[in-house]
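Residue-level listing of the chains:
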Amino acid sequence: MADKQISLPAKLINGGIAGLIGVTCVFPIDLAKTRLQNQQNGQRMYTSLSDCLIKTIRSEGYFGMYRGAAVNLTLVTPEKAIKLAANDFFRHHLSKDGKKLTLLREMLAGCGAGTCQVIVTTPMEMLKIQLQDAGRIAAQKKLMAAQAQLSSAAAAEPAVETRTTATQITRELLRSKGIAGLYKGLGATLLRDVPFSIVYFPLFANLNKLGQKDPNVKAPFYVSFLSGCVAGSTAAVAVNPCDVIKTRLQSLQRGVNEDTYSGILDCTKKIWQREGPTAFFKGAYCRALVIAPLFGIAQVVYFVGIAEFLLDMLPKRRA
């Protein structure tokens, strides 16, 4: 239950552990989601999730599926910790004398959590997307070179891909645009994460309560897991159009003949006109596959309370 009273350090540790475990399990699907969302009409490298993963393994090796994972694993701990702990914080302060929260107050708590998390989410997503999409752009250049039947020397040139690191991208952005460079797409990130949290947290809390035999006893771990999966996938699909816009806006490099965008409205207009309304749901099933186990695992770790157990053991060791 999100309303139980546990210490802030325990909340942060639980959220961090939950994020690390979840991201490690689902990162390849998240990579496929980013590449599918960035594809524009006439420049399609991949036809589906499985096609993207197979081609990625063939061209970049197994670890190619984890490009950008280091950034995500580094920053997901504070991100998930802030998100889960902030939701608990707002739920606690919005409750009256421990009474059950109304749906509106649950949504307000989710809104607060989603707003807080973008402090970490925006730069994390910004860096992750560049690294995840680099392989797609490189593969597209190779294909274009082959189709153009360039000379063997020129054709081989795109095959040599320079592996840009997150540190290099960060330095360049800070040098050229300052801290604002890392927060490109902040508005789109808020547009995605705030509605996501408004849907997710109340839905999870109410589904989780269905598995409680007693209001004062935690629901079984499998109920928390399934509740997290259902609530996460539902919220993920609901805000997928915002995720597509965010991904496009945060991509610094474009494939051949791909559109550039000046802002949220420009991006929305161009996608609608040139790719149709279905383009806003590109990668939706991938995102659902990512978010469902990610938040299912996160809620199990968070509500089982691994951190409380670890923190309780510390005094005993000292003794």
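Note: the structure precedes this text.
All of these numbers come straight from a predicted model, not from anything done at the bench. (Residues numbered from 1 in each chain as written. Predicted model: local features only at pLDDT ≥ 70, side-chain atom pairs only at ≥ 80, totals over all residues. Heavy atoms only, no water.)

Student: How should the nonpolar core be read in this particular structure?
Tutor: Nonpolar side chains tend toward joint burial in soluble globular proteins. In this structure, Leu49, Val71, Phe196, Tyr200, Ile291, Leu294 and Phe295 are the most contacted members of the largest nonpolar core, which totals 40 residues. If you list the elements that add at least two residues to this core, you get α1 (8-38), α2 (49-60), α3 (69-94), α4 (103-147), α6 (166-177), α8 (186-209), α9 (221-238) and α12 (284-304). When residues no more than four places from it in sequence are discounted, the contact partners of phenylalanine 295 are Lys80, Lys83, Phe196, Tyr200 and Gly228. The next biggest cluster of nonpolar side chains, apart from the first, holds nine residues, and it includes Ile245, Leu249, Tyr261 and Phe280. (Core = buried A, V, L, I, M, F, W, Y, C linked by side-chain atoms within 4.5 Å. Buried < 20%, exposed > 50% of the residue type's maximum accessible area, 1.4 Å probe, protein only. Helix = DSSP H or I, 4+ residues; strand = E, 2+ residues; numbered from the N terminus. Contact = heavy atoms within 4.5 Å.)

Student: Even after reading the chapter, I still don't get the side chain of glutamine 37, so can you show me in this structure?
Tutor: Locating glutamine 37 in the fold gives a position in helix α1. Polar side-chain contacts of glutamine 37 include one of 3.0 Å to the side chain of aspartate 243. (Polar contact = N/O pair within 3.5 Å; in protein donor to acceptor, adjacent residues only side chain to side chain.)

Student: Help me understand α2, please; the structure alone is not making it clear to me.
Tutor: Because each turn of an α-helix spans 3.6 residues, side chains separated by three or four positions end up pointing in the same direction. Look at α2: 16 Å from first C-alpha to last across 12 residues, which is about the 16 Å you get at 1.5 Å a residue. Of the positions making up α2, those classed as buried are Leu49, Asp51, Cys52, Leu53, Thr56 and Glu60. Positive backbone phi, approximately 85°, marks glycine 61, located one or two places after α2. (Expected span 1.5 Å × (residues − 1).)

Student: Quick question: what am I supposed to make of the packing of aromatic side chains here?
Tutor: Geometry of an aromatic ring pair is reported as the spacing of the ring centres plus the angle between the planes. Tallied over the full model, the rule gives 10 aromatic pairs. Their ring planes at 15° and their centres at 6.0 Å tell us that phenylalanine 27 and tyrosine 66 sit as a pair that is stacked. Separated by 39 residues along the polypeptide, phenylalanine 27 in helix α1 and tyrosine 66 in the loop between α2 and α3 bring together distant segments of the chain. The buried category is assigned to phenylalanine 27, whose relative accessible area is 2%. A relative accessible area of 25% means that tyrosine 66 is categorised as partly exposed. Seen from their ring centres, tryptophan 272 and phenylalanine 280 are 6.3 Å apart, and the 40° between their planes marks the pair as tilted. Assessed through its relative accessible area of 53%, tryptophan 272 is described here as exposed. By relative accessible area, phenylalanine 280 is classed as buried at 7%. An aromatic cluster is present here, built from Phe196, Tyr200, Phe201, Phe204 and Phe295 joined pairwise through their rings. (Phe/Tyr/Trp six-rings, centres within 6.5 Å; stacked < 30°, edge-to-face > 60°.)

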